[in-house]
Every structure is written in structure tokens, then in C-alpha cells.
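Listed below are the residues making up each chain.
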There are 2 protein chains.
Amino acid sequence: MVEVVIIGSMGLDDIETPFGKAEAVLGGSCTYASLAASFFSPCGIVAVVGEDFPQEHIEFLQSKNVDLAGIERKGRTFRWGGSYEFDMNEAKTLRTELNCLAEFDPKLPEEYQDAKYVFLANTDPQIQLSVLEQMKSPALVVMDTMNFWITHKKETLLEVIRKIDVLLLNDGEARQLFGTPNLVAATKQALSLGPRAIIIKKGEHGALLFTKDSHFNCAGYPLEVIKDPTGCGDCFGGGFIGYLASQNELSDRNIRRAIVYGSVIASFNAEDFSIARLKAISHAQIEERFKEFQDHREF
Amino acid sequence: MVEVVIIGSMGLDDIETPFGKAEAVLGGSCTYASLAASFFSPCGIVAVVGEDFPQEHIEFLQSKNVDLAGIERKGRTFRWGGSYEFDMNEAKTLRTELNCLAEFDPKLPEEYQDAKYVFLANTDPQIQLSVLEQMKSPALVVMDTMNFWITHKKETLLEVIRKIDVLLLNDGEARQLFGTPNLVAATKQALSLGPRAIIIKKGEHGALLFTKDSHFNCAGYPLEVIKDPTGCGDCFGGGFIGYLASQNELSDRNIRRAIVYGSVIASFNAEDFSIARLKAISHAQIEERFKEFQDHREF
């Protein structure tokens, strides 16, 4: 039974960081988000990959509580190449080949349409809208986006934001989208569009939650080894919605705990290239780091 | 009775931010730090000002639990001019006139030398060292510094760090001083020099505490109005040591609470130019915001 539907990109990445490089490794927002969510809830993904997409990745995802009925195969796989400088907070995109992603017109499998939890991970807002229209009565819709869509499809993006419950944005993107240097002012504007919660992702500095009458912060985990931050935002979103779906009660407390679980998964993800860490971690390790997050903030 | 001795600069600032400007207003690390500390403990300051230093500032400090026996008057007052861009995280120095600060050779009043708490606020490390040598048996020495001294007096700075208990640094300075992009690695190096705690200040992103076996984070306060961040780091340090002196027990819990109190005072300070907010806030407001910091992190 699919509890969380996740839409986004799947593809192969070429990544270079000060700590090494990886070529044609599994990547994409949908990949990271679904793996993160699958630690907490069964999820189904809606994505397109090429005929050239390696079968081993398909088999790995299937082994991980991820339903692949929503995957379409067509043409060549989406490719992304990026590099990070020493501060590791921002990827520099070196290459983007949309390939099969360019004309993706998602069709939701029948059994996905009743799911209560939807994560519109970072992708073209037109695709996010199309998926949302195919869902029957979702209880919680979370969306993520990035500066590219703010610059090129702002109106469609705003249309999606008006229909969702939780908006994820990084701090620079929030400032860009709402034209103000002040994050609190930006989140007020975002809330006025309809979402009940805005979550500002700040990379190593953590995440902030803003609702109409509540504020919550979660600092980053103090990582000594950061090899590749690719997908950390997607892991955060996937862990967030996966945990909420597992609790099935949208209390303020659960939303706060979901932010911490999202941060836990994201922190593991940065420790190695591609999905290497997500492949290796156990539920016990997740719970252990969750307790560390608690200990790091008690006073 | 002076419980906290604070050494640093006093002067007049010219400040320009996107939200206004202020000319020849009261500034300096010692000013901000002593006002912040004075909310919790009586303190005495060691600083030099010029013959031209306005008497109203002297009278104001005297009215605020700040002992001025350690102030010397000589020549012209230290002047600093700086501006902030929209992100407000970093000051751009437009002008520095050291004036009387250039040849300052601090002499501690007899009654300061027995104080148990010392804050070496940001100033020339040679001056910090000289003050430290005049203290009889301090229980806790906290020091702050800035990139200027890392660049120009690194050896003396390291000499001071070897003699103190708590080092305050901003994240960029920690990376610069220890030659690594990773904060955890930088703080390990810092701890190996002798201090029992390293506190990384990150402006709006909050502060991080690292000790040999404990980590703590405190996010920033979500300010909608930020007029002038000048002195926030000094307020943080002053509030931190002032609170610790008031408790007079260096437990991990008190150190964590001191970090939150320091953050509370710093958050108020950013809301207006110069010391305008520090002049206006009450103990009740400080306690109220402290409770908000608690609420913003419970999950």
C-alpha cells in the first residue's frame, strides 16, 4: 500500500567536491526523497527515466519499500553535473541534460491516487501541478522548488504554492521569490498564499519552521566528514513527509519531530557520494542520531 | 563589587545599513559587552577613550551597573565607520581611526584584579594578554577576536588562546585561523590549544558550542526588524559571561543557558542602532524572549 506519493526527477549525476568525484551515479530529487521517506513509510514514485537507466538502480529501489509503478521509461535518462567548492553550501551546476524529463507528462497509477501524503519534490512546477490534479483527496501536500523555477516559471510556481500545505525553500530562494532580504517577512508573504507551514532549509545551518502562530528551529548536525551534499534537501523533504505519514496526525509536535527526522536523514546523506550512506544506514542509527539532535539542544 | 572585568574598545561609530544611518554614536566591543553583562552581574571595564568622549555616555554607563574605574582618558576617541548590505551578516569597514587606542597600555584598578570572571572582548591580543597577566586568579576567562588580528597578530593571538577557558569566534574566522573549511575540525584544533570550550558565532544562524565531549546549538531569533547588527557578537559574549558570573557554577547546563541568554541580548541589540535597544529593554523582556528561545526548540 502506497502511503506517500513522491514526484520529482530521477537521473544520473556527475559530481565533484573537494573530497572526490563520482560519475554517472544515481541521483535526482525523487530518488533521494523516496529513499529517505522509505525509512518511515511505504512510498510510490512518479518519475521518468531513459531506456538506458541501469537496471541495478531499479532493483535497489524495489528492495527498499519504494513502489515503482509510477516510473515511465522513455528515451535517454536525465543527466546532471555539478561541483562544490570548499564551503559546500551551494552546488555549481556544470551541465544539465533534461533528455526524457523534457516532455514528461506524468500519469499516476490508479493505486497512488488515494494516497494521503504527497511530496512534490523539486521539478518543473507544471509537472507538480499535473500530479496534484490527479490526487483524489490528499491530507498533506508538501512541495520543494529551486531558484531555476523561480526565475523561469514564477507564475506557475505561485499557482502550485496556493494549493499546497507545506512549502520547502532554501533561504536564498525565499528571499528571491518574495523580494525581501528578511526571512520572517518572506515567510509571512508565503503563508498569506495559503500554505499552513513554510520550512526554510539552510544547509549546514539547519532548518526553520514558520506557521501563523508558531516557530521552530532545527540546527544542522555537526558533521566532521562532508563528502557530497547533493540531495540533502530532497532527503530532508522525504524524511519529513515519511515520518508524518507514519504518525498520521498533523500536530505541531509531529511536524517538529518530522523536521528533526528530515535533518537526521539529510545529515547522513552528506557523509558520502550519491546514495551510498542512505544504502548503509539502519533504523537504529537514525534513532541514535535523533537522540543526539535532542541532546544538542537541551538547556 | 566588580564580578566581571571586561576589556575591549570604546568609541564612536558611524553606521550605515539599508534601514538608516547613525553618526558618531556610542560603540565599541567593551561598551556593548559591558551593557549586556550588566543585566546579570556588576561589571567593570578596562578601556581608553579620548578627551573628546561625550560625558553623557559616561553617565549612562555609570547608571547601568557598570564600574568605570578602569577607564583611561587620553587624546582623541577611537572611531569606526562601517556599512551593511542587505544580508546584514557582515560589516564592511569604511574607516578606522585608532587614535587613543593605538598606544593603550591597560592598568587594572586594584579592585578588579580579584574578579573571578574576565571577558577579553575583541581588541589587540597584546592588550588582552596584558590584562590577563594582571588578574590574580580568574575562574573563567572568555575571549573574542576578529579576522584583523588573525591576519596581523596570529602568534600573539594563539598565545592568548592557550591561556583562556572559552574562545568565541565567528565561523569564517574559525576556518581562517585553523586553515580548514570544516568547523568541527577547526574546533578540535582550537580545543587542543587549551580552552575547555569553543563557541562559534554565526550571526542570524545562531551559535554552536563545542567542548571535548559535548555539543550544543542555539539558533538565532527570527527577527522581522533588523536595523543594525553592530555589536551583536559583543552583546553575545557579555550576556554569556554576565549570566555565568550570576550563577557562579560552570556546569554544562549553565554554559548552555548562558549561550541562550547571550543570544537573547544580541537579538534585541540588532533591532535598533547603537545601544538604543540595550537602553530600553527590561529584565522581564529578557526572560520573555528566553522562554521564546525554549519554545522555538522543543519537539
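Residues numbered from 1 in each chain as written. Chains lettered and ligands numbered in written order. Predicted model: local features only at pLDDT ≥ 70, side-chain atom pairs only at ≥ 80, totals over all residues. Heavy atoms only, no water.

All right, on to the overall build of chain A then. The helix and strand tally for chain A stands at 11 helices and 13 strands. The C-alpha radius of gyration computed for chain A amounts to 17 Å, which stays within 12% of the reference 19 Å derived for 299 residues, consistent with globular compactness. A principal-axis box enclosing the C-alpha atoms of chain A has dimensions of 50 × 40 × 35 Å. Residues counted as buried form 63% of the 299 residues belonging to chain A. When contacts within chain A are restricted to residue pairs at least 6 apart in sequence, those whose partners lie at least 24 apart make up 64%. Carbon and sulfur atoms provide 48% of the accessible area of chain A, an area that totals close to 11,500 Å². In chain A, 30 positive and 42 negative side-chain charges are present, and the distance between their average locations comes to 4 Å. (Helix = DSSP H or I, 4+ residues; strand = E, 2+ residues; numbered from the N terminus. Rg over C-alpha atoms; globule rule 2.2 N^0.38 Å. Buried < 20%, exposed > 50% of the residue type's maximum accessible area, 1.4 Å probe, protein only. Contact = heavy atoms within 4.5 Å. Areas by Shrake-Rupley, 256 points an atom, 1.4 Å probe, with all protein chains shown as cover. Lys, Arg positive; Asp, Glu negative; His and termini not counted. Charge placed at Lys NZ, Arg CZ, Asp CG, Glu CD.)

All names here are of chain A. The N-to-C vectors of helix α6 (residues 171-178) and helix α7 (residues 183-192) enclose an angle of 65°; their axes lie 9 Å apart at closest approach. You can see that α6 and α7 cross each other, and the crossing is left-handed. On α7, the residues that touch D171, A174, R175 and F178 of α6 are L183, A186, Q189 and A190. Grouping the constituent residues of the contact of α6 with α7 by class yields 5 nonpolar, 1 polar and 2 charged. (Axes fitted to C-alpha atoms, helices over the stretch in contact; angles between N-to-C directions. Left-handed = near helix turned anticlockwise from the far one by under 90°. Nonpolar A, V, L, I, M, F, W, Y, C, P; charged D, E, K, R; others polar.)

A word on the sheet that holds strand β1 (residues 4-7) of chain B. The pairing of strands in a sheet comes from backbone hydrogen bonds and takes either a parallel or an antiparallel form. All names here are of chain B. One open sheet accounts for 9 strands, arranged β5-β4-β1-β8-β9-β10-β11-β12-β13; its pairing is mixed. Each having just a single partner strand, β5 (66-73) and β13 (215-218) make up the two edges of the open sheet. Averaged over all pairs of adjacent strands, the angle between their axes in this sheet comes to 15°, without regard to strand direction. The strands that helix α7 (residues 183-192) touches are β10 (166-170), β11 (197-201) and β12 (207-210); relative to β11, the one it contacts most, it runs at about 140°. (Pairing = 2+ DSSP bridges.)

Moving on to the pattern of salt bridges. Pairing is possible between side chains of opposite charge, provided their charged atoms come close. This model, assessed by the stated rule, comprises 29 salt bridges over all chains. In this structure, A:D144 engages A:K201 in a salt bridge whose closest nitrogen and oxygen atoms are separated by 3.0 Å. Here A:D144, found in strand β9 (residues 140-144), pairs with A:K201, found in strand β11 (residues 197-201); they are 57 residues apart in sequence, far enough to count as distant. Take A:K201: its relative accessible area is 14%, and that puts it in the buried class. In this structure, B:R95 engages B:E97 in a salt bridge whose closest nitrogen and oxygen atoms are separated by 2.8 Å. What makes B:R95 partly exposed here is its relative accessible area of 32%. (Salt bridge = Lys/Arg side-chain N within 4 Å of Asp/Glu carboxyl O.)

Before going further, it helps to spend a moment on the packing of aromatic side chains. This model, assessed by the stated rule, comprises 18 aromatic pairs over all chains. Seen from their ring centres, B:F40 and B:Y261 are 5.2 Å apart, and the 70° between their planes marks the pair as edge-to-face. Of this pair, B:F40 sits in the loop between α1 (29-38) and β4 (43-49) while B:Y261 sits in helix α9 (residues 252-269); the two residues are 221 residues apart in sequence, bridging distant segments of the chain. Accessibility assignment for this pair places B:F40 and B:Y261 in one class, buried. A network of ring pairs unites the aromatic residues A:F40, A:F216, A:Y243, A:Y261, A:F290 and B:F299 as a single cluster. Of note, A:R289 hangs over the ring of A:Y221, and the distance from its end group to the ring centre comes to 4.0 Å. Note that B:R289 overlies the ring of B:F268, its terminal NZ or CZ placed 3.8 Å from the centroid. (Phe/Tyr/Trp six-rings, centres within 6.5 Å; stacked < 30°, edge-to-face > 60°. Lys NZ or Arg CZ within 6 Å of the ring centre and 35° of its normal.)

Right, let's get into the pairing of strand β10 (residues 166-170) of chain A. Residues and elements named next belong to chain A. The element β10 is extensively covered by neighbouring structure, given that 4 of its 5 residues are classed as buried. Here β9 pairs with β10 via 3 bridges, running parallel. Looking across to β10, one finds that D144 is bridged to L168. Judged from the 5 bridges that link them, β10 and β11 form a sheet pairing that is parallel. Along β11, the bridge assignment pairs V166 with A197.

Glancing now at the relation of the copies chain A and chain B. In screw terms, the move from chain A to chain B is a rotation of 180° and a rise of 0.0 Å along the axis, fitting with an RMSD of 0.0 Å. Seen this way, the second copy is the image of the first under a two-fold rotation axis. Looking at the interface residues of chain A, 100% of them are also at the interface in chain B, so both copies use one shared face. (Least-squares fit on C-alpha atoms with pLDDT ≥ 70 in both.)

This next bit is on the side chain of B:S267. Residues and elements named next belong to chain B. Here S267 shows up in helix α9. A polar side-chain atom of S267 sits 2.7 Å from the main-chain carbonyl oxygen of V264. Of the polar contacts made by the side chain of S267, one reaches the side chain of R289; its length is 2.9 Å. Each residue touching S267, except ones within four places of it in the same chain, is listed here: Y221, L223, R289 and F293. (Polar contact = N/O pair within 3.5 Å; in protein donor to acceptor, adjacent residues only side chain to side chain.)

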